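The primary structure of each chain is shown beneath.
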Amino acid sequence: MTRRLIVAVDTPELDRAGALLRAVAPHCGLVKLGLEFFLRHGPEGYRAMAAAGADIFLDLKLHDIPNTVAGGVRSLLPLGPRLLTIHAGGGAAMVAAAVAAAAQAGASRPKILAVTVLTSLDAAALSATGVVDGPARQALRLARLALAEGADGLVCSPHEIAPLRDAFGSGPLLVVPGIRPAGAAPGDQARVMTPEQAVEAGADYIVVGRPVTAAAEPGAAAAAIARAIA
Ligand code: C5P
């Protein structure tokens, strides 16, 4: 289903981002822009992408004191992103402040997604930061905290979908990177699922980057994934 596919356009080049977006927009629900693009091209680049006809997931993973994150969210509201990310590790008050700031946009507000434990952190790396519980328990703890403060959903790895659905039911939006169509190169993604497996497991959205953006025909690659999850 086209709506469930998010294509991650990870490039700092404006022209390439625009070309990718125009190719994939008919086959996906949203396009994800991240730090690499936004820090270089800012709101102007964002508006150029939105004008090309895509709803945008702005993945900036905000993390600061509550007042600053709330101000950051308010500054982004005029751009009209559909989804925004924050770090649940910023704490309950920070999550609540982000949710309240987003609510100021009324019905067109961005949904707030919380990032729990970065998938780049294994147990040893996490323990070096003082978190000794392990990634799975810590992710569940942060997910509970973020959802209790009104976050609309979570970014999670494919293998977290089932435990999160068990713990929190069908309510939270689960947005899932680490997706590889059968036969695609995993790249630096350690634990992947296919688009079909992730949707079957309960993902609301799957986030796919390189299998689409590095394909000879990104539009056709996105269309194939959309068909696979139809
Ligand atoms: O190219 P690939 O499909 O691996 O891209 C996945 C996208 O999802 C990238 O933008 C990456 O930063 C993002 N992401 C991820 N794992 C997370 C959070 C975000 O791969 N835990």
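All of the points below concern the structure found in this document. Not measured: the values here are computed from a predicted model.

Looking only at helices and strands, the chain has 10 helices and eight strands in total. Once the C-alpha set of the chain is aligned to its principal axes, its extents read approximately 45 × 40 × 30 Å. Counting the 230 residues in the chain, one finds 49% classified as buried. When the accessible surface of the chain is split by element, carbon and sulfur atoms take 54% of a total near 10,400 Å². In the chain, 20 positive and 19 negative side-chain charges are present, and the distance between their average locations comes to 3 Å.

On to the packing of aromatic side chains, then. Evaluation of the coordinates by the stated rule reveals one aromatic pair. Taken together, a centroid distance of 6.5 Å and an interplanar angle of 90 degrees make the contact between Phe38 and Tyr46 edge-to-face. Like Phe38, the residue Tyr46 is buried in the burial classification.

Turning next to unusual backbone geometry. Its identity as a non-glycine residue notwithstanding, Lys61 has a phi of 45 degrees, on the positive side. With respect to the helices and strands, Lys61 occurs in strand β3 (residues 56–62).

Another point: the site of the ligand. Every residue near the ligand is listed here: Ala8, Asp10, Lys32, Thr119, Pro177, Arg180, Gln189, Val207, Val208, Gly209, Arg210 and Pro211. The side chain of Asp10 places a nitrogen or oxygen atom 2.8 Å from an oxygen atom of the ligand. Note that an oxygen atom of the ligand is positioned 2.8 Å from one of the side-chain N or O atoms of Arg180. Considering the ligand on its own, with 460 Å² of exposed area, one finds that the protein chains cover 82% of that surface. Those elements that place two or more of their residues in the shell around the ligand are β8 (205–208) and α9 (210–213). Residues belonging to the shell around the ligand are distributed by class as follows: five nonpolar, three polar and four charged.

Conventions we followed
Residues numbered from 1 in each chain as written. Predicted model: local features only at pLDDT ≥ 70, side-chain atom pairs only at ≥ 80, totals over all residues. Heavy atoms only, no water. Helix = DSSP H or I, 4+ residues; strand = E, 2+ residues; numbered from the N terminus. Buried < 20%, exposed > 50% of the residue type's maximum accessible area, 1.4 Å probe, protein only. Areas by Shrake-Rupley, 256 points an atom, 1.4 Å probe, with all protein chains shown as cover. Lys, Arg positive; Asp, Glu negative; His and termini not counted. Charge placed at Lys NZ, Arg CZ, Asp CG, Glu CD. Phe/Tyr/Trp six-rings, centres within 6.5 Å; stacked < 30°, edge-to-face > 60°. Near = heavy atom within 4 Å. Polar contact = N/O pair within 3.5 Å; in protein donor to acceptor, adjacent residues only side chain to side chain. Nonpolar A, V, L, I, M, F, W, Y, C, P; charged D, E, K, R; others polar.

None of this, on its own, says anything about what the molecule does.
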